[in-house]
Amino acid sequence: MKPYIICHMMSSVDGRIDCTMTAKIDKTDAYYQALDRLQFDAVLEGRVSRQMHYALPEPFKANDMAPIGVEKYYMAHSADRYDIAIDTHGSLKWPEDASNNNLLVITEEQCPQEYHRYLTENGISWIACGKKGIDLCRSVEILGEKFGVKRLGIVGGGHINGAFLQAGLLDEVSLMIGGGIDGRAGMAAVFDGIRQIDYSPTMLTLNDVERMGNIVWLKYSVNK
C-alpha cells in the first residue's frame, strides 16, 4: 500500500519557489514548524533540489555503464524517518555522513549498477524502479511495503511536484504563501514541468487556513 502523500511547499504570492527568494520573504522557521506538525516519516526531493543543497559538487561518473536492469531495493538500515532523493540516472555523489541522515535514493532500472554499489558501500539505502524513467507509483508502493513509510512529504522542486501530481499520487497539498512577489521570468512554480497542453486542472478542497506571522498556510485535499 502506498503512503499518504502530501506536497508541502513555501512560495511567493505569485507561486514561485526559488529557495533564495523564499528565504528572503520568510525570515522565520514557520515552514519547518509546519513540516514538523505534518509528522512525515519520509520527505522526498528531486535531483536539482538535492544537488543544490545536499549533494557534493562533482557528479558521480560510472566506469561501467551496465544497468542494474531489474526492480530492486537495498535497505542500509531501518529508520523511523527517511530523507529521499530522486536521482533517475545516478548522478549525485554524497557526503560521508549521508548515511547518518537515513538517505534513500530512487533511480530508474537503466541506472548503472555501479552507482548502486557506490550507494551500498556508503551505507545509503536505494530503490531501482522503472524500465524507462522512474516508476513513481511503484516506487511509493515499495516505500510503504518495504521501508514502512506511512506519511510521505513531497518538498520540491516544481518538476518533481508536477510529476507526482500528474501521476495522481497526491492526497493533500500544504502550501505556505509568504509576503513577497518574485516575478522573474523562468523561475519554477510550485507545480511545474507538465508538458501536456490539454492537461486538466487538478481540483482541490480547502480544508484549513492558518496565519503564521506574515505567512498564510493553506491546506487542501486533492479531489480524487
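Values in this document were obtained by computation on a predicted structure and should not be read as measured data. (Residues numbered from 1 in each chain as written. Predicted model: local features only at pLDDT ≥ 70, side-chain atom pairs only at ≥ 80, totals over all residues. Heavy atoms only, no water.)

1. A few points about the pattern of salt bridges
- A complete count under the given rule lists 13 salt bridges for this structure.
- The closest approach of N and O atoms between Asp171 and Lys2, which form a salt bridge, is 2.7 Å. Placement of Asp171 in the loop between helix H6 (158-166) and strand S8 (172-177) and of Lys2 in the segment before strand S1 (4-11) is noted, with a sequence separation of 169 residues between them.
- For Asp171, a relative accessible area of 14% corresponds to the buried category.
- With its nearest N and O atoms 3.8 Å apart, the salt bridge here joins Asp14 to Arg16. (Salt bridge = Lys/Arg side-chain N within 4 Å of Asp/Glu carboxyl O. Helix = DSSP H or I, 4+ residues; strand = E, 2+ residues; numbered from the N terminus. Buried < 20%, exposed > 50% of the residue type's maximum accessible area, 1.4 Å probe, protein only.)

2. A word on the domain arrangement of the chain
- Domain annotation for the chain reports domain 1 (1-41 + 150-223) and domain 2 (46-141).
- For domain 1 versus domain 2, the separation of C-alpha centres amounts to 24 Å.
- If you look at the interface, domain 1 gives 16 residues, while domain 2 gives 12 residues.
- Note on domain 1 versus domain 2: buried area summed over both sides is about 1000 Å², and carbon and sulfur give 70% of it.
- Its largest share of buried area at the contact with domain 2, domain 1 owes to Asp41, Ile160 and Leu169, together 34% of the area lost on that side.
- Joining domain 1 to domain 2, the criterion identifies zero salt bridges. (Domains from an automatic or database assignment. Contact = heavy atoms within 4.5 Å. Buried area = accessible area lost by both parts, 1.4 Å probe.)

3. Digging into the pairing of S8
- Burial analysis of S8 places five of its six residues in the buried class, the great majority of the element.
- Bridge count between S1 and S8: six bridges; the pairing is parallel. Its bridge partner lying in S8, Ile6 is registered against Glu172.
- One ladder, built from six bridges, connects S8 with strand S10 (residues 215-222); its direction is antiparallel. Bridging across to S10, Glu172 finds its partner in Ser221. (Pairing = 2+ DSSP bridges.)

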